[in-house]
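Residue strings, one per chain:
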Amino acid sequence: QVQLVESGGGLVQAGGSLRLSCAVSGRTFPSYAMGWFRQAPGKEREFVATISWRGTSTYYADSVKGRFTISRDNAKDAVFLRMNSLKPEDTAVYYCARGRIFSTGSDSAAEYDSWGQGTQVTVSS
């Protein structure tokens, strides 16, 4: 059974940066698209970014485009989310998730079958 473990969250001032990591167990990691989602208090989970299984294609939510960068290291079975110019509205629990095999990625949570436990990101004004 695949396991995903996020790390790197924390408290940061507006304008600051954080880098989230997601370690994925299982030898089949390189074959799957990966994604990041987030959920703020009182709100539904929303899409943040996705990366194709080869790492050659990425897609972002409009709210983070130009500020966040998703990447992956298939040799280390890990996916990352670099977050720059953070805003208070970025405050949320961030989740990484495994998408479909040999996929370019998706912004739909329904396309992801395994999720991490989440890491809290808090941006103070």
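Report follows, based on the coordinates. As the structure is a computational prediction, the values presented were derived from the model and not from experiment.

1. Some points on the overall build of the protein
Point 1. The number of helices and strands found in the protein is zero helices and 11 strands.
Point 2. Seen in sequence order, the protein has helices and strands lined up from the N terminus as β-β-β-β-β-β-β-β-β-β-β.
Point 3. Its C-alpha atoms give the protein principal-axis dimensions of roughly 40 × 25 × 25 Å.
Point 4. Across the 125 residues of the protein, 45% fall into the buried class.
Point 5. Excluding contacts between residues fewer than 6 apart, the proportion of contacts in the protein whose partners are at least 24 apart in sequence is 59%.
Point 6. In the form shown here, the protein has an accessible surface area of approximately 6,500 Å², with 46% of it arising from carbon and sulfur atoms.
Point 7. Considering the protein, the positive charge centre built from 14 side chains and the negative charge centre built from 11 side chains are found 5 Å apart.

2. A look at the pattern of salt bridges
Point 1. Applying the stated criterion across every chain yields a total of six salt bridges.
Point 2. In this structure, the salt-bridge partner of Arg38 is Asp90, at a minimum N-O distance of 2.9 Å. Separated by 52 residues along the polypeptide, Arg38 in strand β4 (residues 32–39) and Asp90 in the loop between β8 (78–83) and β9 (92–101) bring together distant segments of the chain.
Point 3. Judged by its relative accessible area of 5%, Arg38 falls in the buried class.

3. Overview of the nonpolar core
Point 1. In this structure, Trp36, Leu81, Met83 and Tyr94 are the most contacted members of the largest nonpolar core, which totals 32 residues.
Point 2. Those elements that place two or more of their residues in this core are β3 (18–24), β4, β5 (46–51), β7 (68–73), β8, β9 and β11 (119–124).
Point 3. Not counting residues up to four positions away in its chain, the partners in contact with Met83 are Gly16, Ser17, Leu18, Leu20, Arg67, Phe68, Tyr94 and Val121.

4. Focus on the state of the cysteines
Point 1. A complete count under the given rule lists one disulfide for this structure.
Point 2. Residue Cys22 pairs covalently with Cys96 via a disulfide, S to S 1.9 Å. Residues Cys22 and Cys96 share a disulfide whose torsion about the S-S bond is about 45 degrees; that sign makes it right-handed. Taken as a pair, Cys22 in strand β3 and Cys96 in strand β9 lie far apart in primary sequence, 74 residues in all.
Point 3. Look at Cys22 and you get buried, because its relative accessible area is 1%.
Point 4. By relative accessible area, Cys96 is classed as buried at 0%.

5. Some remarks on the sheet that holds β7
Point 1. Across the sheet, four strands lie side by side as β1-β3-β8-β7; this open sheet has antiparallel pairing. Edge positions in the open sheet fall to β1 (4–7) and β7, since each of these has one partner strand only. The average angle at which neighbouring strand axes cross in this sheet is 15 degrees, direction not considered.
Point 2. In the sheet, β1 pairs with β3 via four bridges, with the strands oriented antiparallel.

Scoring rules and cut-offs
Residues numbered from 1 in each chain as written. Predicted model: local features only at pLDDT ≥ 70, side-chain atom pairs only at ≥ 80, totals over all residues. Heavy atoms only, no water. Helix = DSSP H or I, 4+ residues; strand = E, 2+ residues; numbered from the N terminus. Buried < 20%, exposed > 50% of the residue type's maximum accessible area, 1.4 Å probe, protein only. Contact = heavy atoms within 4.5 Å. Areas by Shrake-Rupley, 256 points an atom, 1.4 Å probe, with all protein chains shown as cover. Lys, Arg positive; Asp, Glu negative; His and termini not counted. Charge placed at Lys NZ, Arg CZ, Asp CG, Glu CD. Salt bridge = Lys/Arg side-chain N within 4 Å of Asp/Glu carboxyl O. Core = buried A, V, L, I, M, F, W, Y, C linked by side-chain atoms within 4.5 Å. Disulfide = S-S within 2.5 Å. Pairing = 2+ DSSP bridges. Axes fitted to C-alpha atoms, helices over the stretch in contact; angles between N-to-C directions.

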